[in-house]
Amino acid sequence: DQAFYRDTWAEIDLDAIFYNVQSMKQHVGPHVEVIAVVKANAYGHGDIQVAKTALEAGATRLAVAFLDEALALRKKGVSLDVPILVLGATNPQYASLAASQNIALTVFRADWFEQAFMYGPYEQPLNVHIKLDTGMGRLGVKTKEEVQRIVNIVEQKESFVIEGVYTHFATADEQNVDYFSFQYDTFMHMLEWLPAKPPLIHCANSAAGLRYPDRVFNAVRLGISMYGLAPSQEMKPLLPYPLKEAFSLHSRLTHVKKVKAGEKISYGATYEAKVDEWIGTVPIGYADGWLRRMQHFSVLVDGKRAPIVGRVCMDQMMIRLPYELPVGTKVTLIGEQKGERISVDDVATHLNTINYEIPCTISYRVPRIFLKNKSIIEVRNAVL
Ligand SMILES: Cc1ncc(COP(=O)(O)O)c(CNc2conc2O)c1O
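Please read all numbers here as calculations on a predicted model, not as lab measurements.

Basis of the calculations
- Residues numbered from 1 in each chain as written.
- Predicted model: local features only at pLDDT ≥ 70, side-chain atom pairs only at ≥ 80, totals over all residues.
- Heavy atoms only, no water.
- Helix = DSSP H or I, 4+ residues; strand = E, 2+ residues; numbered from the N terminus.
- Buried < 20%, exposed > 50% of the residue type's maximum accessible area, 1.4 Å probe, protein only.
- Contact = heavy atoms within 4.5 Å.
- Areas by Shrake-Rupley, 256 points an atom, 1.4 Å probe, with all protein chains shown as cover.
- Lys, Arg positive; Asp, Glu negative; His and termini not counted.
- Charge placed at Lys NZ, Arg CZ, Asp CG, Glu CD.
- Axes fitted to C-alpha atoms, helices over the stretch in contact; angles between N-to-C directions.
- Parallel < 35°, antiparallel > 145°, perpendicular 65-115°, else oblique.
- Left-handed = near helix turned anticlockwise from the far one by under 90°.
- Nonpolar A, V, L, I, M, F, W, Y, C, P; charged D, E, K, R; others polar.
- Pairing = 2+ DSSP bridges.

Q: Lay out the overall build of the protein chain with the relevant residues and their values.
A: In terms of regular secondary structure, the protein chain is built from eleven helices and 21 strands. Oriented by its inertia axes, the alpha-carbon framework of the protein chain measures out at about 80 × 50 × 40 Å. Burial status across the protein chain gives 54% buried among its 384 residues. Here the analysis covers contacts within the protein chain between residues at least 6 apart in sequence; of these, 67% occur between residues at least 24 apart. A total of about 16,800 Å² of accessible surface is found on the protein chain, and carbon and sulfur atoms cover 52% of it. Within the protein chain, one finds 41 positive and 42 negative side-chain charges whose respective centroids are separated by 4 Å.

Have a look at this one:
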């Protein structure tokens, strides 16, 4: 039986993931842990495959958005001795479950602990990372009093261990460093509120890790640049080492026809052939996360750019071919053909968004093929 039957797939180059993690590891030095941020199915790249590769490449911890993603990694084989940090908020009633699975939780409210304690008992203590809000304005403690309340509760109950303290930057990927510096200084000031320094102190996302390797304390939360994507356009000229893009997206022509001038293509009959044209049909659409706004963008066939013509449908779209090509011809929507390249950034620019959003949006319906040394080691098909 086939791993998947459709003619559309994403390829994740795990060698690129490995290289990007190893590069950051070397960049920040041996005293700084790399925490691989694999939330949102590893930004659409495949959570367990990226997690395993990152750990092989020197990451020592994983980070996810919420508890379900951490439990999923355990179920998929991440051993208990690999710590996983939940970056988002967790309902206090699940604190003991997290503790039993060596999953650390982000906390930022003293009342959370009062509730979490009621849901005991805790066979083993829960590791918590106190999040400080230095200016991101999302989650985090903002006052010394709140920090004191948290520390007092933790000291009273042996169910909780403060394993870490951290903050998150809002503008680390921008050329202007004013707000970044304000947050960094605020973090330094807030750290003084803690009676003792926890084992882990971390503030850096990819951008901060790339730009200020000597100001990351002792761990970096590596997300976007692990996938070989720059945190922002502004940051591209500031990259201390090259990044290797891990994600590519491909399909194959399911139909090729010659249309006469005046003939219409796709819903709304919005596209009209100006002259006699060769039109190809590609089996990918907005239900795959290749959004309707991709109309007027181009894809690669035979190493040439072919414009998407007419409206993108739920499962298919049409392109204007440079010349007649056989059914089955490979179409590259993100990636390289014969030296021509369409990057994740190109798609993001067309959609007037950031590169983070693109791989995350390629839906469960697109099978993921995992490559190591250019050969397929695994296929994930969430449809079957
Ligand atoms: C708390 C936290 N730490 C680290 C990271 C990794 O950042 P990076 O991918 O820039 O390296 C994120 C990413 N959070 C998000 C990325 O996009 N939207 C977000 O909320 C985060 O929310």
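Having seen the structure, we can now continue with the description.
Q: Can you explain the packing of helix H1 (residues 14-28) against helix H3 (residues 47-56)? Please cite residues and give values.
A: Orientation of H1 relative to H3, taken along the N-to-C sense of each, is 45°, at an axis distance of 8 Å. By the angle between their directions, the pair H1 and H3 is classed as oblique. Seen from above, H1 lies across H3 with right-handed handedness. Contact with H1, carried on its side by Leu14, Ile17, Phe18 and Val21, involves Gln49, Val50, Thr53, Ala54 and Glu56 of H3 and no other residues of that element. Taken together, the residues of the contact of H1 with H3 sort by class into six nonpolar, two polar and one charged.

Q: Help me get a handle on the pairing of strand S17 (residues 317-320), residues and values and all.
A: Where strand S14 (residues 277-282) and S17 come together, four bridges link them in antiparallel fashion. Following the sheet pairing, Thr281 is matched in S17 by Met318. Taken together, the two bridges between strand S16 (residues 304-309) and S17 define a ladder with antiparallel strand orientation. The residue of S17 that forms the bridge with Val309 is Met318.

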